[in-house]
Amino acid sequence: MKTNRLFFIDAVRAFAILMMLQGHFIDTLLNPIYRDNSNVVYQIWSYFRGITAPTFFTISGLVFLYLLLKAKDKGDDKPRIKKGLYRGLLLIGIGYALRIDVIGWLTGNFNDYIFVIDVLQCIGLSLIILIGCYVLFSKHIKLLSLLLFTLGCLCFLTEPLYRNLDLCHIPIAFANYMTKSNGSIFTILPWFGFTAFGGFLATVFFSHVHRAKFRLVSVISFFLFGSLLIQFSSLLLMKLFYWTDIELFKSAAYYNYLFTRFGNVLLLLGVFYAAEPFLKGSLIGKIGQKTLSIYVIHFIIIFGSFTGLGLKHFYSKALHPTQAIIGAIVFMVVVCIISFYYVKTNAFIYKGVRKLIRKIKN
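Residues numbered from 1 in each chain as written. Predicted model: local features only at pLDDT ≥ 70, side-chain atom pairs only at ≥ 80, totals over all residues. Heavy atoms only, no water.

Now for the overall build of the protein. Helix and strand content of the protein: 17 helices and 0 strands. Taken against the 2.2 N^0.38 rule, which gives 21 Å for 362 residues, the C-alpha radius of gyration of the protein at 21 Å falls within 12% of a compact globule. If you line up the protein on its principal axes, its C-alpha atoms span 60 × 55 × 50 Å. Expressed as a percentage of its 362 residues, the buried residues of the protein come to 47%. Surface exposure of the protein reaches about 18700 Å², of which carbon and sulfur atoms provide 67%. Looking at charge distribution, the protein has the averaged site of its 36 positive side-chain charges lying 13 Å from that of its 14 negative ones. (Helix = DSSP H or I, 4+ residues; strand = E, 2+ residues; numbered from the N terminus. Rg over C-alpha atoms; globule rule 2.2 N^0.38 Å. Buried < 20%, exposed > 50% of the residue type's maximum accessible area, 1.4 Å probe, protein only. Areas by Shrake-Rupley, 256 points an atom, 1.4 Å probe, with all protein chains shown as cover. Lys, Arg positive; Asp, Glu negative; His and termini not counted. Charge placed at Lys NZ, Arg CZ, Asp CG, Glu CD.)

Following this line, the structure appears as structure tokens:
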């Protein structure tokens, strides 16, 4: 089966990483007295900040499984599986490494901060789970598609059951993947749900991208289903509650941020897929190929990985809105320049990991 490269994916990743850069900068450094939910500008900023992480998780699942299915179509999926496992473990390792405080450790200050789970660990573990799903159903793509769609729905629907999960009886290193009570920013549930939906979209693209007018149908579908999820998913959940008398549907409807966020992601995918003919070879596409480097660099600069001395240490909650906006723009430009011209995080880390594995084997 002949499939096409999805150029718009890099553009979506670039948009998401840029929104993350400005979001982290402003959220970390803006004085709280200027957080006015009635202000239109602040509302727009909050909206884009809210869809950044769902977009990352969805795109991660879409890209990885799509490439894996393409490799399978060529009869060469085992190297891609192996690379995916390395990638997942690497993201988990980097996620932990970025929270190492070398200076603190040298002064005898040890704490549980290193065990806090953030986006990299969750994406890494999500990719490993996605590989497991693929291995189980690689010979039945339709079943794989159904499984991923079902897992995505279950992750979102059951969120009220694990929202306030107490896992104080198990080691914090494992508990933090399921509960935020110890400071974790992300947990594998419900965030794997976005990765699962991304994997589901990958099966759709792989099976139909070669067909005539697929882009037109996909763009219309993205906008249609995205709008339906935003406007009517809560209503549907309440209808299911009335029909079944299952309290879980009501609880999910009353705090329905997951299905609505996924609806926003679909709208974003629709915009960028419609614009794909204009994005091939563009700067924004190149930025989308450097997301790991950009993430690592920005985290070190803002949060002070390894040294404990970042922008947060000096300017936490201290900036005026004008300062924050100008600073965020400069910050995005500087981080991208460093990523493009001075730091090759992806290649450097992969090369180091491969050397380490070869030494272990020898």
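Once the structure has been displayed, the description carries forward.
Here the focus is the side chain of Ser-184. With respect to the element layout, Ser-184 can be found in the loop between α8 (172-175) and α9 (188-208). For Ser-184, the side chain forms a polar contact with the main-chain nitrogen of Ile-117, separated by 3.2 Å. In terms of polar contacts, Ser-184 uses its side chain to reach the backbone carbonyl oxygen of Asn-176, at 3.0 Å. (Polar contact = N/O pair within 3.5 Å; in protein donor to acceptor, adjacent residues only side chain to side chain.)

This part takes up the packing of helix α1 (residues 7-29) against helix α14 (residues 291-303). At a minimum axis distance of 11 Å, the contact between α1 and α14 shows a crossing angle of 5 degrees. Comparing the axis directions of α1 and α14 gives the class roughly parallel. Only Thr-291, Ile-294, Tyr-295, His-298, Ile-302 and Phe-303 of α14 make contact with α1, whose side of the interface consists of Arg-13, Ile-17, Met-20, Leu-21, His-24, Phe-25 and Thr-28. Grouping the constituent residues of the contact of α1 with α14 by class yields 8 nonpolar, 4 polar and 1 charged. (Axes fitted to C-alpha atoms, helices over the stretch in contact; angles between N-to-C directions. Parallel < 35°, antiparallel > 145°, perpendicular 65-115°, else oblique. Contact = heavy atoms within 4.5 Å. Nonpolar A, V, L, I, M, F, W, Y, C, P; charged D, E, K, R; others polar.)

So, on to the nonpolar core. Core analysis: the biggest nonpolar cluster contains 102 residues, and Phe-8, Leu-65, Phe-205 and Leu-269 have the highest contact counts within it. Per-element tally for this core: the top contributor is α1, with 15 residues. In this structure Leu-269 touches Phe-8, Val-12, Ile-59, Leu-201 and Phe-222, once residues within four positions along its chain are discounted. (Core = buried A, V, L, I, M, F, W, Y, C linked by side-chain atoms within 4.5 Å.)

Counting all residues, the mean pLDDT for the protein is 89, and 92% of those residues have values of 70 or more. Per-element confidence in the protein is highest for helix α6 (residues 141-157), whose mean pLDDT is 96, and lowest for helix α17 (residues 345-361), whose mean pLDDT is 59. (pLDDT = per-residue confidence, 0-100.)

What follows deals with unusual backbone geometry. Omega for the peptide link from Leu-189 to Pro-190 comes to 10 degrees, which places this bond in the cis form. Its location among the elements puts Pro-190 in helix α9. For Lys-213, which is not glycine, the phi dihedral falls at a positive 60 degrees. Summarising the element assignment, Lys-213 is placed in the loop between α9 and α10 (214-244). Under the relative-accessibility criterion, Lys-213 is labelled exposed at 65%. Even without glycine at this site, Lys-317 takes up a positive phi of about 55 degrees. In this fold, Lys-317 is placed in the loop between α15 (311-315) and α16 (321-341). Overall, the relative accessible area of 36% leaves Lys-317 in the partly exposed class.

With respect to the helices, strands and loops of the structure, Ile-338 is situated in helix α16. Ile-338 sits in the partly exposed class, given a relative accessible area of 24%. Between the C-alpha atom of Ile-338 and that of Ile-297, which follows or precedes it by 41 residues, the distance is 8.0 Å.

The next thing to look at is the pattern of salt bridges. Scanning the entire structure with this criterion turns up 6 salt bridges. Residue Arg-35 pairs with Asp-27 through a salt bridge whose shortest N-O separation is 3.1 Å. On the accessibility criterion, Arg-35 (24% relative accessible area) is partly exposed. A salt bridge links Arg-49 to Asp-27; the nearest nitrogen and oxygen atoms lie 3.2 Å apart. Taken as a pair, Arg-49 in helix α2 (residues 40-73) and Asp-27 in helix α1 lie far apart in primary sequence, 22 residues in all. (Salt bridge = Lys/Arg side-chain N within 4 Å of Asp/Glu carboxyl O.)

It is worth spelling out the packing of α1 against helix α12 (residues 258-274) at this point. Following both chains from N to C, one finds α1 and α12 inclined at 130 degrees, their axes separated by 9 Å at the closest point. Between α1 and α12, the interaxial angle falls into the category oblique. In this structure, α1 meets α12 at a crossing whose hand is right-handed. Between α1 and α12, the residues in contact are Phe-8, Ala-11, Val-12 and Phe-15 and Leu-268, Leu-269, Phe-272 and Tyr-273, respectively. For the contact of α1 with α12, a count of residues per class yields 8 nonpolar, no polar and no charged. (Left-handed = near helix turned anticlockwise from the far one by under 90°.)

Glancing now at the packing of aromatic side chains. In the structure shown here, the tally under the stated rule is 27 aromatic pairs. The rings of Phe-57, Phe-149, Phe-156, Phe-186, Trp-191, Phe-194, Phe-197, Phe-200, Phe-259 and Phe-262 are connected pair by pair, giving a single aromatic cluster. (Phe/Tyr/Trp six-rings, centres within 6.5 Å; stacked < 30°, edge-to-face > 60°.)

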